[in-house]
Amino acid sequence: MELRQLEYFVAVAEERNFTRAAERVHISQSGVSAQIRRLERELGAELFDRSARTVTLTVAGKAALAHARAALAAAGAVGQAVGEVSDLIRGRLTVGMVVGCTVTPLFDALAAFHRAHPGVELSLLEDNSDRLLEGVRTGAVDLALVGTAAVPTDLEALTLVGERLVAAVPPGHPLAARPRITLSELLAHPLVCMPPGTGVRTVFDQACAARDLRPVIALQATAADAIADLAARDLAVAVLSESMAARHTDRLTARLIEDAEAPALLALIWKGGQGPAVRALLAHSRRAFAVPTRA
């Protein structure tokens, strides 16, 4: 049994697809399949049910998965321990980023980290916040930049931004004349918002649910600029965070949603007990975002 076989096994189990797993571990699909077959022969049991379109774990595969992850973590810990005493960080780091969120300080942090630790292979994964959080929990993602309504209590977090929600409309729209608006007033108009699983949408949906309001989202887009473009064409009222709307003051008027009081948070999320690579990237991220170090 080889570590690479366990790595391929875990990748297929998490991706539930041989093609995506092969892309993740950077070898051919046939190579992944061959190594999994070798592992199954050695163990004397099939690990995956391949009869359906989506690959699923067998009973034996479910029993093996936790141990395979533990073995890979232990092997990685050996390299980390050596790296810490020799002041050399190596390995692979998977960083998640919420879709539609181009955050320059994160890219600055990644660039500074890469210059300081060229021996670490960086992988950037874009997805919605809910799936990124689950990836951090399972270990598929080492560190993720997510939008959220609240910091998860089972994970470590560094909150970077907390902003209220606004409604953004073009000049001449009835809402533009109001200094502030309420959710009930907002829901009288067609809305364009980010999809479920994003921080802004979660905060908005929770605010509506707290007042027993049921919004009808006419249009959805993952990128704030796309939402602003649709609102600027008077197709719907945009629901955005304050900084998202601030980039479009030349064509949109933003009004605070008075009774959506909870802020939409942008935060770095990771699992406790991470190795030196994650700790080093967090240090670069604090500097890039100018976030004070916690006592």
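Structure first, text after, so check above.
In short, a report on the structure. None of the values given here were measured: they were computed from a predicted structure. (Residues numbered from 1 in each chain as written. Predicted model: local features only at pLDDT ≥ 70, side-chain atom pairs only at ≥ 80, totals over all residues. Heavy atoms only, no water.)

### Brief notes about the overall build of the chain
Then step 1. A tally of regular secondary structure across the chain gives eleven helices and 13 strands.
Then step 2. Considered along the principal axes of its C-alpha atoms, the chain spans approximately 70 × 50 × 30 Å.
Then step 3. In the chain, buried positions account for 44% of the 295 residues.
Then step 4. Of the contacts formed within the chain by residues at least 6 apart in sequence, a portion of 73% connects residues at least 24 apart.
Then step 5. Carbon and sulfur atoms make up 53% of the accessible area of the chain, which totals about 14,700 Å².
Then step 6. Distance between charge centres in the chain, computed from 31 positive and 32 negative side chains, equals 2 Å. (Helix = DSSP H or I, 4+ residues; strand = E, 2+ residues; numbered from the N terminus. Buried < 20%, exposed > 50% of the residue type's maximum accessible area, 1.4 Å probe, protein only. Contact = heavy atoms within 4.5 Å. Areas by Shrake-Rupley, 256 points an atom, 1.4 Å probe, with all protein chains shown as cover. Lys, Arg positive; Asp, Glu negative; His and termini not counted. Charge placed at Lys NZ, Arg CZ, Asp CG, Glu CD.)

### With respect to helix α11 (residues 276-289)
Then step 1. With 14 residues, α11 ought to run about 20 Å at 1.5 Å a step, and its terminal C-alpha atoms sit 20 Å apart, in line with that.
Then step 2. Of all 14 residues making up α11, ten are buried, and the element is well covered by its neighbours.
Then step 3. Every buried residue belonging to α11 is among P276, A277, V278, A280, L281, L282, H284, S285, R286 and F289, and all of these are buried.
Then step 4. A positive backbone phi angle near 55° is found at A290, which sits one or two residues after α11. (Expected span 1.5 Å × (residues − 1).)

### Observations concerning the packing of aromatic side chains
Then step 1. A complete count under the given rule lists two aromatic pairs for this structure.
Then step 2. Geometrically, the ring pair formed by F18 and F48 is edge-to-face, given 6.0 Å between the ring centres and 70° between the ring planes. Residue F18 is located in helix α2 (residues 18-25), and its partner F48 is located in strand β1 (residues 48-49); the two are separated by 30 residues in the primary sequence.
Then step 3. With a relative accessible area of 1%, F48 lands in the buried category.
Then step 4. Taken together through their ring pairs, the aromatic side chains of F9, F18 and F48 make up a single cluster. (Phe/Tyr/Trp six-rings, centres within 6.5 Å; stacked < 30°, edge-to-face > 60°.)

### Focus on the packing of helix α1 (residues 3-15) against helix α3 (residues 29-43)
Then step 1. Taken N-terminus to C-terminus, the directions of α1 and α3 make an angle of 110°; their axes are 9 Å apart at the nearest point. In terms of their interaxial angle, α1 and α3 are classed as roughly perpendicular. Only V32, Q35, I36, R38, L39 and E42 of α3 make contact with α1, whose side of the interface consists of R4, Q5, L6, Y8, F9 and V12. (Axes fitted to C-alpha atoms, helices over the stretch in contact; angles between N-to-C directions. Parallel < 35°, antiparallel > 145°, perpendicular 65-115°, else oblique.)

### What about the sheet that holds strand β5 (residues 143-148)?
Then step 1. One open sheet accounts for five strands, arranged β4-β3-β5-β13-β6; its pairing is mixed. The open sheet terminates on both sides in strands that have one partner only, identified here as β4 (120-127) and β6 (156-163). Strand-to-strand twist across the sheet, computed as the mean angle between neighbouring axes with direction ignored, equals 20°.
Then step 2. Both β5 and strand β13 (residues 264-270) contribute to a ladder of six bridges, which runs antiparallel. (Pairing = 2+ DSSP bridges.)

### What to know about the sheet that holds strand β11 (residues 237-241)
The pairing of strands in a sheet happens through backbone hydrogen bonds and is either parallel or antiparallel.
Then step 1. Spatially, the six strands line up as an open sheet ordered β8-β12-β7-β11-β9-β10, and their pairing is mixed. What marks the edges here is a single partner per strand, and that holds for β8 (180-181) and β10 (217-220).
Then step 2. Bridge count between strand β7 (residues 165-169) and β11: four bridges; the pairing is antiparallel. When the bridges of β11 are listed, A167 appears paired with V239.
Then step 3. Sheet strands touched by helix α8 (residues 199-210): β7, β9 (191-193), β10 and β11. Its angle to β11, the strand with the most contacts, is close to 110°.
Then step 4. Against the sheet, helix α9 (residues 224-232) engages β7, β9, β10 and β11, with an angle of about 150° to β11.

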